[in-house]
Amino acid sequence: MTVKTPENCVSKQDIRTAIDILDEELIRIFARRQGYVRRMSQIKQHPDEAFDRERIETMIAAIRLRAEGLGLEPAQAELVWRTLIDWNVAWEKRAISTRLENADIASVETAD
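Note that the structure is predicted; figures quoted are calculated from it, not measured. (Residues numbered from 1 in each chain as written. Predicted model: local features only at pLDDT ≥ 70, side-chain atom pairs only at ≥ 80, totals over all residues. Heavy atoms only, no water.)

1. As for the overall build of the protein chain
Assigned secondary structure in the protein chain consists of three helices and zero strands. In the protein chain, the order of α-helices and β-strands from amino to carboxyl end is α-α-α. Against the globule reference of 13 Å for 112 residues, the protein chain gives a C-alpha radius of gyration of 20 Å, more extended than a compact globule. Over its C-alpha atoms, taken along the principal directions, the protein chain stretches across nearly 70 × 30 × 15 Å. Counting across all 112 residues of the protein chain, residues that qualify as buried make up 22%. Taking the intrachain contacts of the protein chain between residues at least 6 apart in sequence as the baseline, contacts between residues at least 24 apart amount to 64%. Taking the 17 positively charged and 20 negatively charged side chains of the protein chain as two groups, their mean positions are separated by 4 Å. (Helix = DSSP H or I, 4+ residues; strand = E, 2+ residues; numbered from the N terminus. Rg over C-alpha atoms; globule rule 2.2 N^0.38 Å. Buried < 20%, exposed > 50% of the residue type's maximum accessible area, 1.4 Å probe, protein only. Contact = heavy atoms within 4.5 Å. Lys, Arg positive; Asp, Glu negative; His and termini not counted. Charge placed at Lys NZ, Arg CZ, Asp CG, Glu CD.)

In structure tokens:
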């Protein structure tokens, strides 16, 4: 479905419809992104690897610049990305810990 540009919206319903369409696109993109986070949790070897301050700050700086270039408030983009990153770090830590615990249990059971 085609999304009307903001300038072509003439009613609140036009705007709501456009936002609903964009929200659907966003949720699909976030779901794809989560697939990469899941894969990363399979590659990382320790839960502490989930948090990389330097990588996060580099990402945030780039996001702020991109947002500003697109006319989006950089502070809004930063808030969204920091929330997303915080959630993903916590998720990765749990996933990696669980994988390692299950591997430990399997190795103990195999040794018995």
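That was the structure; now back to the text.
2. Overview of the confidence of the model for the protein chain
Low-confidence regions, as indicated by low pLDDT, have predicted coordinates that should not be scrutinised in detail. Residue-level pLDDT values for the protein chain average 94, and 99% of them are 70 or greater. The secondary structure element of the protein chain with the lowest average pLDDT is helix 3 (residues 74–111), at 92, and the one with the highest is helix 2 (residues 53–70), at 98. (pLDDT = per-residue confidence, 0-100.)

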